[in-house]
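# Coordinate analysis (summary)
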Amino acid sequence: MWASILIVRIQPCSASLNGPVRFPFSPTPIKTLDEKPKLYLSGSSSWSASAAAALGLRYVVAGFINHKGAGKLLDFYRSEFKPATGTSGAANPDSILSVMWFVQILKKNRAGN
């Protein structure tokens, strides 16, 4: 059931990648890109990894949300990947690990502490 809901939501997005889009307030089609953008599915759960693999989509793992499970999600996605049949999917697994990085800069005060 969830996969069919995802397909219903993703299909309009991927369909718009197949040509100029008509906007309700525009009298002419608008095309601003010479090349179609790649479609990615982003998530931090096993559901998103399985959906991306089953639909043949590129996958972005939100490692800053699920940092302990990110490696397992990527392994699962790669092992279960089925190549996409449409133009907006991928022929091979293509994944990105998204992380958050904090840098703390410490300054010494004038007294040298």
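Please refer to the structure higher up on the page.
All residue numbers refer to position in the chain's written sequence, counted from 1. Local features are withheld for residues below a pLDDT of 70 in this predicted model, meaning they are given only at 70 or higher, and side-chain atom pairs are given and counted only at 80 or more; totals for whole chains, interfaces and linings count all residues. To obtain the side-chain values, all non-hydrogen atoms of the structure were used and water was disregarded.

### Remarks on the overall build of the protein chain
Only runs of H or I of at least four residues qualify as helices and only runs of E of at least two qualify as strands under DSSP, and these elements are numbered from the N terminus. The number of helices and strands found in the protein chain is 3 helices and 3 strands. Going from N to C terminus, the protein chain has its helices and strands arranged as α-β-α-β-α-β. Exposed residues in this analysis have more than 50% of their type's maximum accessible area, buried residues have under 20%, and partly exposed residues fall in between, with area computed by a 1.4 Å probe over protein chains only. Going through the 113 residues of the protein chain one by one, you find that 27% of them count as buried. To measure how exposed things are, a 1.4 Å probe is used in the Shrake-Rupley method; for residues, cover is taken only from the protein chains shown. Carbon and sulfur atoms make up 59% of the accessible area of the protein chain, which totals about 8,700 Å².

### Examining the pairing of strand 2 (residues 58-62)
Strand residues, when the strand is regular, have side chains that alternate between the two faces of the sheet. The element strand 2 is extensively covered by neighbouring structure, given that 5 of its 5 residues are classed as buried. The pairing of strand 1 (residues 40-43) with strand 2 spans 4 bridges and is classified as parallel. Pairing of Tyr 40 across the sheet is with Arg 58, part of strand 2. With respect to chirality, the unit in which strand 1 leads through helix 2 (residues 46-55) into the neighbouring parallel strand 2 is right-handed. The pairing criterion is simple: DSSP has to find at least two bridges between the two strands. Sheet topology places strand 2 next to strand 3 (residues 95-98); 4 bridges connect them, and they run parallel. Each residue of the ladder has a partner; that of Val 60, found in strand 3, is Ile 96. If the strands point away from the viewer and the path from the first strand over the helix to the second runs clockwise, then the crossover is right-handed. Handedness of the β-α-β unit built from strand 2, helix 3 (residues 70-80) and strand 3 comes out right-handed.

### Details of the environment of Ala 49
Relative to the helices and strands, Ala 49 resides in helix 2. Two residues form a contact once any of their heavy atoms are found within 4.5 Å. Not counting residues up to four positions away in its chain, the partners in contact with Ala 49 are Tyr 59, Leu 73, Phe 76 and Tyr 77.

### A short note on the environment of Leu 74
Relative to the elements of secondary structure, Leu 74 occurs in helix 3. Among the residues examined, Leu 74 registers a relative accessible area of 9% and is labelled buried. Taking C-alpha positions, Leu 74 is 9.5 Å from Ser 46, a pair spaced 28 residues apart along the chain. If sequence neighbours within four positions are ignored, Leu 74 has contacts with Val 61, Ser 95 and Leu 97.

### Some thoughts on helix 3
Of the residues making up helix 3, those classed as buried are Ala 70, Leu 73, Leu 74 and Tyr 77. The arc enclosing the buried residues of helix 3, seen along the axis, measures out at 95°, which places them on a common side. For helix 3, the exposed residues lying more than 90 degrees away from the buried face are Lys 72, Asp 75 and Ser 79. Against the buried residues of helix 3 lie helix 2, strand 2 and strand 3. This arc is taken over the directions from the axis of the helix to the C-beta atoms.

### Points about the side chain of Ser 48
Looking at the secondary structure, you find Ser 48 in helix 2. For Ser 48, a relative accessible area of 3% translates into the label buried. Those residues within four positions of Ser 48 in sequence are excluded, and the remaining contacts are Leu 41, Ser 42, Gly 43 and Tyr 59.

### Remarks on the sheet that holds strand 1
Judged by pairing direction, the sheet is parallel, and its 3 strands sit side by side in the order 1-2-3 without closing on themselves. With one partner strand each, in any of the chains shown, strand 1 and strand 3 form the two edges of the open sheet. Averaged over all pairs of adjacent strands, the angle between strand axes in this sheet comes to 20°, irrespective of strand direction. Only the contacting stretch of a helix is used when fitting its axis, a line to C-alpha atoms as for every element, and angles between N-to-C directions run 0 to 180 degrees. In the packing of helix 2 onto the sheet, the strands contacted are strand 1 and strand 2, and the crossing angle to strand 1 comes to about 165°. Most of the contacts of helix 3 go to strand 2, to which it runs at about 170°, and overall it touches strand 2 and strand 3.

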